[in-house]
Amino acid sequence: MFIIPASHGITLHTVESGPKDGPPVVFAHALGSDLTMWDTVVDALPDHLRLIRMDMRGHGQSPCPEGPYPMGDLVGDAGTTLDALRVKGCVFVGLSIGGIIAQGLAAERLDLVRGMVISNTAAKIGTPWQWEDRIKAVRDGGIDANIERWFSRTTARDHPELLEDARTRMRATPLQGYLGCMEAIADTDLYESTAALRLPTLAIAGTEDGSTPADMVRETAGLIPGSRFELIRGTGHMSPVEKPAEYAALLTDFLRSIGHV
Ligand SMILES: O=C(O)CCC(=O)CC(=O)O
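What counts as what
Residues numbered from 1 in each chain as written. Predicted model: local features only at pLDDT ≥ 70, side-chain atom pairs only at ≥ 80, totals over all residues. Heavy atoms only, no water. Near = heavy atom within 4 Å. Polar contact = N/O pair within 3.5 Å; in protein donor to acceptor, adjacent residues only side chain to side chain. Areas by Shrake-Rupley, 256 points an atom, 1.4 Å probe, with all protein chains shown as cover. Nonpolar A, V, L, I, M, F, W, Y, C, P; charged D, E, K, R; others polar. Disulfide = S-S within 2.5 Å. Helix = DSSP H or I, 4+ residues; strand = E, 2+ residues; numbered from the N terminus. Contact = heavy atoms within 4.5 Å. Pairing = 2+ DSSP bridges. Axes fitted to C-alpha atoms, helices over the stretch in contact; angles between N-to-C directions. Expected span 1.5 Å × (residues − 1). Buried < 20%, exposed > 50% of the residue type's maximum accessible area, 1.4 Å probe, protein only. Core = buried A, V, L, I, M, F, W, Y, C linked by side-chain atoms within 4.5 Å.

- Per an unreviewed UniProt entry, the protein chain is named 3-oxoadipate enol-lactonase, and its organism is Aliiroseovarius halocynthiae.

## With respect to the site of the ligand
Turning to step 1, where the next piece is worked out: Surrounding the ligand, one finds Ala30, Leu31, Ser96, Ile97, Trp131, Arg134, Arg149, Trp150, Ile185, Ser211 and His237.
Turning to step 2, where the next piece is worked out: Within the backbone of Ile97, one N or O atom sits 3.0 Å away from an oxygen atom of the ligand.
Turning to step 3, where the next piece is worked out: With respect to the ligand, the side chain of Arg149 contributes an N or O atom lying 2.8 Å from an oxygen atom.
Turning to step 4, where the next piece is worked out: Its free accessible area being 300 Å², the ligand has 97% of it covered by the protein chains.
Turning to step 5, where the next piece is worked out: When grouped by side-chain class, the residues that make up the shell around the ligand number 6 nonpolar, 3 polar and 2 charged.

## Some remarks on the state of the cysteines
Turning to step 1, where the next piece is worked out: Scanning the entire structure with this criterion turns up 0 disulfides.
Turning to step 2, where the next piece is worked out: With no disulfide of its own, Cys64 lies 8.5 Å from the sulfur of Cys181, the closest cysteine sulfur.
Turning to step 3, where the next piece is worked out: For Cys90, which is in no disulfide, the shortest distance to another cysteine sulfur is to Cys181 and amounts to 19 Å.

## Structural notes on the environment of Leu112
Turning to step 1, where the next piece is worked out: Mapped onto the secondary structure, Leu112 falls in the loop between helix H3 (97-108) and strand S5 (113-119).
Turning to step 2, where the next piece is worked out: Sequence spacing of Leu112 and Asp83 is 29 residues, and the spatial spacing of their C-alpha atoms is 8.2 Å.
Turning to step 3, where the next piece is worked out: Not counting chain neighbours up to four residues away, the residues in contact with Leu112 comprise Gly79, Leu82, Asp83, Val87, Lys88, Gly89, Cys90 and Leu105.

## Side note on the sheet that holds strand S4 (residues 90-95)
Turning to step 1, where the next piece is worked out: Pairing in this open sheet of 7 strands is mixed, and the strands run S1-S3-S2-S4-S5-S6-S7 from one edge to the other. Of all the strands in the sheet, the pair left with one neighbour each is strand S1 (14-17) and strand S7 (228-232). Across the sheet, the axes of successive neighbouring strands diverge by a mean angle of 20 degrees, strand direction being ignored.
Turning to step 2, where the next piece is worked out: The pairing of S1 with strand S3 (residues 50-54) spans 4 bridges and is classified as antiparallel. Directly across from Ser17, in S3, lies its bridge partner Leu51.
Turning to step 3, where the next piece is worked out: Sitting on the sheet, H3 is in contact with strand S2 (24-28), S4 and S5, with an inclination near 145 degrees to S4.
Turning to step 4, where the next piece is worked out: In the packing of helix H9 (residues 214-222) onto the sheet, the strands contacted are S5, strand S6 (201-206) and S7, and the crossing angle to S6 comes to about 170 degrees.

## Section: helix H7 (residues 175-186)
Turning to step 1, where the next piece is worked out: Compared with an ideal rise of 1.5 Å per residue, which puts 12 residues at 16 Å, H7 spans 16 Å between its outermost C-alpha atoms and is within 8% of the ideal.
Turning to step 2, where the next piece is worked out: Counted residue by residue, H7 has 10 buried out of 12 residues, so it is predominantly covered.
Turning to step 3, where the next piece is worked out: Residues of H7 that are buried: Gly177, Tyr178, Leu179, Gly180, Cys181, Met182, Glu183, Ala184, Ile185 and Ala186.
Turning to step 4, where the next piece is worked out: Considering only its buried residues, H7 is in contact with helix H2 (71-84), H3, helix H4 (128-141) and helix H6 (160-172).

## Structural notes on the nonpolar core
Turning to step 1, where the next piece is worked out: With 81 residues, the main nonpolar core has Phe27 and Phe92 as its most contacted residues.
Turning to step 2, where the next piece is worked out: Among the elements that make up this core, the one with the highest residue count is H7 (7 residues).
Turning to step 3, where the next piece is worked out: When neighbours within four sequence positions are excluded, Phe27 is seen to be in contact with Trp38, Val41, Val42, Leu45, Leu51, Ile52, Arg53, Met54, Val93 and Leu251.

Right, here's the structure in full:
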């Protein structure tokens, strides 16, 4: 399935830091999370960047319309929000579903995106029948806060507070928002549109990511000529939360390499 043109997105809740006239860098989070998952990475980035974190629809403090949410609408929300903030030529950093939104936005709105970081994500995550089972389980039993699979064994052992924070964000996510975004992922396959992308791209994977394994991320990076692929050792699906300094260093290096800092 391809992203449908998204003309009427909703304006998302965002938090900004850094100067308004700085080079813009935009962050989109994972399913069942919110914009605060980026806090420690943002703190480690150069001061002169305009850093914009967004809550996806149905998550955090953004509106939660009735589902289902086509992926085109999620991409449209990001575009509408950046238009409202008068952002052009950003580097869009997205993790997991946020990384799918990055690919979709780059396919449709190159005026908004000049580079992207696709993190712990892929052009297609899982299979429709896997998502069907998961959606049914959530409908029957509520949001599954089993976030152990998001973190490496080392993180789980040494930083249980990070798992607790992730669990708190997951439990705060409205069921309707969570399900709507799961349905969006289930229906999305961006292989063709991502393979047509020609923009500077950094792909980041965690060595212990059970949700979007490193090979899956590498395969998506391989669709985009000239893209760079980096592994963060000892991290799972939440690489930026688990190793924020390493993540910020990779991101800063990428921004420098494309003249965005
Ligand atoms: O994290 C996401 O945005 C989607 C992928 C996913 O479902 C991760 C997980 O919960 O296993």
